[in-house]
Structure formats: C-alpha cells, structure tokens
Amino acid sequence: MSIIGDVTRLIEARKAVFPALYIEKNIPTSIINKMLSNANRAPTHKLTEPWRFKVIRGDARARLGNFMSARYKKLYEGNGFSERKFNKLRENPQLADTVIAIIMQRDREERIPEWEEIAAVSMAVQNMWLTASAHGVGSYWSSPALISHLGDFFKLEEGQKCLGLFYMGYYEEEIPVSKRGPIEEKVEWLDK
Ligand SMILES: Cc1cc2nc3c(=O)[nH]c(=O)nc-3n(C[C@H](O)[C@H](O)[C@H](O)COP(=O)(O)O)c2cc1C
C-alpha cells in the first residue's frame, strides 16, 4: 500500500467512539506517548506551539468526574438540572482508560490572533485522533458546556484555555463511520 493509500484509509476510518462503548482494557503508555508526540508535530504559525495537554488516568478520572458533576449541579440545580447529564458527567471519565484535557496556551505577546492558536491546537488533536485510530483505540473530543469551568480543576496558567476533553478507550463493537455530504457542494474552483 502506498503512503497516500495508508493516509486516506486512516482518515476515512477515524471516528468518534463514545465512553459508553469502552471496554476495560489498559491502553499502553507507549500509545499515549505516540499520540502526544504526533500532536506535537502539528503546524503552528510563528512556531508558538500553543497545544498543552493534561493526561488524566487512574484515580484522577474519578476526581475529574466528581468535579464536573458537582459543578454542573451547583450551576443548574433548580434551573434545568438533569439527573442523566449529572450521572454522565460523573461516570464518563471512569468509563475511559485515559482522558486528555485539550488546552490552548495563548502566545505571551499575542503575535497572532487567538483563532490561529485554536486552529493549531485542533490540528494537534486531529493528529492524536488519527494516531489513536491507527492503534484501534476509540476516542472522541468532548466539549461540554462546563468547559469554561475546567480551568479550576486543572489550575490553568495565565493565557491558557481548556478546549475540551479527549476521551479514550478500547472498544469491541463495530461502529460505522459517520456520513458526510458531498465535497463538491462545499468547494468552488476558481481558475479564470
Ligand atoms: C471541536 C469538537 C468538539 C466536539 N464536541 C463534542 C461533544 O461535546 N459531544 C459529542 O457528542 N461530540 C463532540 N464532538 C465529536 C463529534 O460529535 C463527531 O466528530 C461527529 O459526530 C462526527 O463523527 P465522527 O467523528 O465519527 O466522524 C466534537 C468534535 C469536535 C471537532
């Protein structure tokens, strides 16, 4: 298989796999490290390398779930609180083998707009996602409404923003890839 064939196959096979489908099986640290080092190869304007990650494993998963559910309760009790959502926030981190917090570090001198830093972090996440997929590890990017509160849990530094949680776990079920509309409807070629 040519490299382009491999890359296309990898991109086409990538999919979101949710925590409810994860099985109890440890992801080797070597795979997590490969995901992180591939994330680190993402393109970055002015080489600001704005991606930061917190790897949450073991008991830290329960601490994260307890934090998110407690904060959710505090914010929404008597104001649209859902028991189902509360339980999901509490349980999801523990259904995962590993959760990686996706964090953007704004360039200290703000030499480029924030959207470019977010774009670079997103490209780093795609590298992680493809790497996980290549190893048969299920994963997905979660961006709960609580995201702006996660800074309190992670003790974020000046200029850092949490952009979501990357959940990971092995899975056994066959999961079809999701559909996309035709690319032709999204592209205009200008050649005159
Ligand atoms: C920036 C970003 C944030 C996302 N946040 C969520 C989320 O909060 N909840 C969720 O169910 N999926 C989330 N997703 C995953 C999408 O639901 C998923 O990618 C989409 O359904 C397409 O499926 P696929 O990735 O399997 O092709 C997010 C994806 C991206 C890129």
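Residues numbered from 1 in each chain as written. Predicted model: local features only at pLDDT ≥ 70, side-chain atom pairs only at ≥ 80, totals over all residues.

Digging into the site of the ligand
Quick reminder of the rule: We call a residue near a molecule or strand when the C-beta position, derived from backbone atoms, sits within 6 Å of it. A run of H or I in DSSP becomes a helix once it reaches four residues, and a run of E becomes a strand once it reaches two; helices and strands are each numbered from the N terminus. Just so you know the grouping, Ala, Val, Leu, Ile, Met, Phe, Trp, Tyr, Cys and Pro go in nonpolar, Asp, Glu, Lys and Arg go in charged, and all remaining residues, Gly too, go in polar.
Every residue lining the ligand is accounted for by K15, A16, Y140, W141, S142, S143, P144, G164 and S178. Examining the composition of the shell around the ligand, we find that three residues originate from one element, strand β3 (residues 138-142), more than from any other. Class assignment of the residues belonging to the shell around the ligand gives a composition of four nonpolar, four polar and one charged.

Considering the environment of E12
Relative to the elements of secondary structure, E12 occurs in helix α1 (residues 3-13). Here the alpha-carbon distance between E12 and E49, two residues 37 residues apart in the chain, equals 27 Å.

Thoughts on the UniProt feature "domain: Nitroreductase" (unreviewed entry) in the protein
The test is simple: UniProt positions are given in the numbering used here, feature names are shortened, and annotations may be inferred rather than shown by experiment.
Taking the numbering used here, the UniProt-annotated feature "domain: Nitroreductase" (unreviewed entry) corresponds to residues 25-170. Along residues 25-170 one finds 46% helix and 20% strand; the C-alpha atoms at either end are 6 Å apart.

Section: the UniProt feature "binding site: FMN" (unreviewed entry) in the protein
For the record, the criterion: Partly exposed residues are those whose C-beta has more than 12 but fewer than 20 other C-beta atoms within 10 Å; 20 or more makes a residue buried and 12 or fewer makes it exposed, with C-beta atoms placed from the backbone. Each residue is represented by a C-beta atom placed from its backbone, and any two residues with such atoms within 7 Å are regarded as in contact.
The UniProt record marks R41, H45, W141, S142 and S143 with the feature "binding site: FMN" (unreviewed entry), using the residue numbering of this structure. With the annotated positions falling across 103 residues, the maximum pairwise C-alpha distance of 25.2 Å shows that they are not confined to a single cluster. Residue placement: H45 occurs in the loop between α2 (29-39) and β1 (51-56). Residue H45 is classed as partly exposed on the basis of its C-beta count, with 14 C-beta atoms lying within 10 Å. Ignoring any residue separated from it by four or fewer positions in sequence, one finds H45 in contact with I112, E116 and A120. Its location among the elements puts W141 in strand β3. Note on W141: 17 C-beta atoms within 10 Å, which makes it partly exposed. Residues in contact with W141, not counting those within four places in the same chain, are V125, G164 and F166.

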